[in-house]
Amino acid sequence: MILQALTAYYEQLLRTGQISAPGWENQFKVSYWLRINAEGQLIDLVDCRQMVPRGKKEVLAPREMAVPAHVKRASGIAANFLCDNSTYLLGADEKGKPERSIQCFEACAKLHHAILDGVDSPAARAVLAFFDHWKPEEASAHPLLADRWKDITGNANLLFDYEGPEGSILSTEDEAIRAAWQQHYSSASPDTPLVQCLVTGQQAPAARLHPSIKGVPGAQSSGAALVSFNAPAFCSYGHEQGENAPVSEYAAFAYTTALNTLLASRDHCRILGDTAVVCWAENASPSYSSLGMMAMFGIPENHGLTEDDLSKALDNLAKGQPCSWMDEDLQPGQHFYVLGLSPNAARISVRFFYRDTMGKFSAHLQQHAKALEIDRPPYDQEPLISISKIVRETLNFKERNPKPSPQLSGALLRAALTGAPYPSTLLHSIASRIHADQKVTPNRAAILKAYYLRNASTLSNHKEILDMKLNDDSNYCPYVLGRLFATLEHIQSDANSEINTTIRDRYFNAACETPEVVFPTLINLAQKHLKKLTPAQQINYNKLLTHLFSKIDETLPAHTTLPEQGAFQIGYYHQMRKFYTKKDKED
């Protein structure tokens, strides 16, 4: 299903002119152009790298270009056409294997002669003349290469550039060369078996090795495989490599080109933990992907859109109505895909794959956002909490390189997109952060509320507390105790405005987990604090304490469960917001 969807996406991009035809690889990184004259002599080395933004600074990076499709090298020698590294195009490297370098150069020369012999083009004849006259053993001493030898023989890719009477032209832009390569690429090798492709259903040459996927964080920088067989345990019936799951060369090229294109676009790809999340619409419109990414991961800065714009668009689609987004009318019935990829040594693992209409995805994302709504202070007005921010709330930033749980990230995204219950690891992670920091932030309170709303738990019979604001009618003991603790802390704060350590710093976790042990001490302490307040303050606080005590019609629990601790923390947050809401209005 994944390969079919990606192949269909490639074909849609091809129909709309957004991608190159089969046989060409887009966004391939090239560092230098080898400029040659009509006699095949190297007359210049052009540094084609360019400055690109990386975070808050710019760095020098290879230029992304369209080049003939590269072969996938597992082992042995396999040359590429027009664009390759120094080992193949110059016959030299710094790996201490001069004999192998010569063999690579000879294989590259043989490939170019097989494709370009008889081609009526000055650029083609110049490339062949280069291979006929170039001496690999003298490459390191060439005056144009000596100064940049380490860069050239590193990971740099080189591309031929022809200098003719009318100026220079890249070898990949010469029409005769392009036609010769296309004919060579389309012609099947007589040794290649014909199979019924599992993706297209047609009889076609089988792809033994699929092209590499690039851009998945943590995977090999040179690319990793989504489909591969390299050990007997993965093979069956004596088949080798790609013959075990027959995919045609065309389908292998199509799905890998589509996936590499998605991974290279920020509008289609974001990183969540160790997972690269890509999404696309069946009609290949980038507007759908832009909306989906912003709904899941938030609106980037300086994008010109507000969270209100995003909420209205999702609301219309969820109701089955079209909406305008990025000057395009989005339809709720358009099919939409979300794919999560994670690294696994030299391979890529599929963490999740979802397919549904844009309307249904929008409805689930709206439900997710609704569950996270909570009363917030004026300085923290954030109506939409992105998936990334929820994951960040589970991290311990005191660690050197905090990383979220891959399982939590994937399960959380699944819950948001499909309406499934939130993972239990989310509750445990948030509870651990509250226990460690002794802080119930607006985001944490919102996550607790959303978890208990969505998931069946002991709080399922006490949903009245799972609201945006304080519910004064609730008699649920853990919730009331959370409110009581907030009140006792507030009394202490008013009585000792310059105090550095409050009861929250010393007793919050204990009060949350063992109320029977802690609250008698806190209540006795509050009586001493009340004596330091004004008569008016004493009256107000005594009224509130009496009101809260009246709601506790049972003995204080000796121990609380995790869901009851969550109710305590929500009650604490609601009551603290109630105290400061009055001050906000006065301000």
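Residues numbered from 1 in each chain as written. Predicted model: local features only at pLDDT ≥ 70, side-chain atom pairs only at ≥ 80, totals over all residues. Heavy atoms only, no water.

Draft legend 1. A look at the side chain of Lys449. Position of Lys449 relative to the elements: it lies in helix H14 (residues 442-454). The charged side chain of Lys449 is buried without a salt bridge, its nearest counter-charge being Asp467 at 6.0 Å. Beyond its immediate chain neighbours, meaning those up to four positions away, Lys449 contacts Lys370, Ala371, Leu372, Glu373, Ile374, Leu466, Asp467, Met468 and Ile570. (Helix = DSSP H or I, 4+ residues; strand = E, 2+ residues; numbered from the N terminus. Buried < 20%, exposed > 50% of the residue type's maximum accessible area, 1.4 Å probe, protein only. Lys, Arg positive; Asp, Glu negative; His and termini not counted. Salt bridge = Lys/Arg side-chain N within 4 Å of Asp/Glu carboxyl O. Contact = heavy atoms within 4.5 Å.)

Draft legend 2. Summary view of the packing of aromatic side chains. Across all of its chains, the model carries 24 aromatic pairs by this definition. A ring pair is formed by Phe130 and Trp134, whose centres lie 5.2 Å apart and whose planes are at 25 degrees; its orientation type is stacked. Take Trp134: its relative accessible area is 13%, and that puts it in the buried class. Over the ring of Trp24 we find Arg178, and its NZ or CZ is 4.2 Å from the ring centre. Arg454 extends its terminal NZ or CZ atom over the ring of Tyr422, reaching a point 4.5 Å from the ring centre. (Phe/Tyr/Trp six-rings, centres within 6.5 Å; stacked < 30°, edge-to-face > 60°. Lys NZ or Arg CZ within 6 Å of the ring centre and 35° of its normal.)

Draft legend 3. Spatial organisation of helix H13 (residues 424-437). Between its terminal C-alpha atoms H13 stretches 20 Å, which fits the 20 Å expected from 14 residues at 1.5 Å a residue. Listed as buried for H13 are Leu426, Leu427, Ile430, Ala431, Arg433 and Ile434. The arc that holds every buried residue of H13, seen down its axis, measures 160 degrees, which confines them to one face. In the stretch just after H13, Gln438 is the one whose phi turns positive, near 55 degrees. (Expected span 1.5 Å × (residues − 1). Arc of directions from axis to C-beta.)

Draft legend 4. Region of the structure containing the nonpolar core. Leu291 and Phe485 are the most contacted members of the largest nonpolar core, which totals 88 residues. In terms of residue count, the dominant contributor to this core is helix H15 (residues 477-495) (10 residues). In this structure Leu291 touches Leu310, Ala313, Leu314, Leu317, Trp325, Leu330 and Met358, once residues within four positions along its chain are discounted. If you look at the next biggest cluster of nonpolar residues, it comprises 50 residues, including Ile36, Leu42, Phe105 and Val127. (Core = buried A, V, L, I, M, F, W, Y, C linked by side-chain atoms within 4.5 Å.)

Draft legend 5. Molecular detail of the packing of helix H10 (residues 358-371) against H14. Between H10 and H14, the shortest axis-to-axis distance is 8 Å and the interhelical angle comes to 120 degrees. Between H10 and H14, the crossing angle belongs to the class labelled oblique. Residue-level inspection shows Gln367, His368, Lys370 and Ala371 of H10 in contact with H14, the latter providing Ala446, Lys449, Ala450, Leu453 and Arg454. Its residues assigned to classes, the contact of H10 with H14 shows 4 nonpolar, 2 polar and 3 charged. (Axes fitted to C-alpha atoms, helices over the stretch in contact; angles between N-to-C directions. Parallel < 35°, antiparallel > 145°, perpendicular 65-115°, else oblique. Nonpolar A, V, L, I, M, F, W, Y, C, P; charged D, E, K, R; others polar.)

Draft legend 6. Just the pattern of salt bridges, in detail. Applying the stated criterion to the full structure yields 13 salt bridges. Here Asp274 makes a salt bridge to Arg351, at a shortest N to O gap of 3.7 Å. Of this pair, Asp274 sits in the loop between strand E12 (269-272) and strand E13 (275-281) while Arg351 sits in strand E17 (residues 347-357), and the two are 77 residues apart along the sequence. Among the salt bridges present, the one from Arg483 reaches Asp472, with a minimum N-O distance of 2.9 Å. Of this pair, Arg483 sits in helix H15 while Asp472 sits in the loop between H14 and H15; the two residues are 11 residues apart in sequence, bridging distant segments of the chain.

Draft legend 7. Representation of the environment of Lys214. Looking at the element boundaries, Lys214 is found in the loop between strand E11 (203-205) and helix H7 (249-263). For Lys214, a relative accessible area of 33% gives the class partly exposed. Expressed as a C-alpha distance, the spacing of Lys214 and Thr257, which sit 43 residues apart in the sequence, is 10.0 Å. Setting aside chain neighbours within four positions, we find Lys214 in contact with Glu25, Phe28, Ser222, Gly223, Asn260 and Leu263.

Draft legend 8. Molecular detail of helix H18 (residues 535-550). Compared with an ideal rise of 1.5 Å per residue, which puts 16 residues at 22 Å, H18 spans 22 Å between its outermost C-alpha atoms and is within 8% of the ideal. Within H18, burial applies to Tyr541, Leu544, Leu545 and Leu548. Around the axis of H18, the buried residues are gathered within 100 degrees of arc, so they sit on the same side. Turned more than 90 degrees away from the buried face of H18, the exposed residues are Pro535, Lys543, Thr546 and Ser550.

Draft legend 9. Quick look at the pairing of strand E2 (residues 32-36). Most of E2 is tucked away, with 5 of its 5 residues classed as buried. Neither face of E2 is left uncovered, since the one carrying Tyr32, Leu34 and Ile36 and the one carrying Trp33 and Arg35 both have all their residues buried. As paired elements, E2 and strand E3 (residues 42-47) share 5 bridges and run antiparallel to each other. By the bridge assignment for E3, Tyr32 is matched with Asp47. Linking two consecutive strands that pair antiparallel, namely E2 and E3, is a turn of 5 residues; a positive phi of about 80 degrees is found at Gly40 within it. In terms of strand pairing, E2 meets strand E8 (residues 158-164) through 5 bridges, oriented parallel. (Pairing = 2+ DSSP bridges.)

Draft legend 10. Structural detail: unusual backbone geometry. Residue Leu82 is not a glycine yet carries a positive backbone phi of 70 degrees. The topology assignment puts Leu82 in the loop between strand E6 (63-68) and strand E7 (83-84). Take Leu82: its relative accessible area is 0%, and that puts it in the buried class.

Draft legend 11. Seen up close, the environment of Glu393. Within the secondary structure layout, Glu393 lies in the loop between helix H11 (387-392) and helix H12 (406-418). Of the residues examined, Glu393 reaches a relative accessible area of 16% and is grouped as buried. When the C-alpha positions of Glu393 and Val52 are compared, they lie 31 Å apart, and in sequence the two are 341 residues distant. Other than its neighbours up to four places away in sequence, Glu393 contacts Ile430, Arg433, Thr441, Asn443, Arg444 and Ile447.

Draft legend 12. Here's a closer look at the environment of Thr487. Relative to the assigned elements, Thr487 resides in helix H15. Judged by its relative accessible area of 0%, Thr487 is buried. For the pair Thr487 and Tyr541, spaced 54 residues apart in sequence, the C-alpha to C-alpha distance is 8.0 Å. Discounting residues that sit within four places of it in the chain, Thr487 has contacts with Tyr541, Leu544, Leu545, Leu548, Gln575 and Phe579.

Draft legend 13. Representation of the sheet that holds E17. Spatially, 4 strands are ordered E12-E13-E16-E17 in an open sheet, and the strand pairing comes out antiparallel. Looking at which strands have only one partner, the edges of the open sheet turn out to be E12 and E17. Ignoring which end each strand starts from, the neighbouring axes of this sheet average 20 degrees apart. The pairing of E13 with strand E16 (residues 335-344) spans 6 bridges and is antiparallel. Considered in E16, the bridge of Ala276 is made with Leu341. Of the strands in this sheet, E12, E13 and E16 touch helix H8 (residues 286-297), which is tilted by about 140 degrees from E13. In the packing of H10 onto the sheet, contacts are made with E16 and E17, and the angle to E17 comes to roughly 100 degrees.

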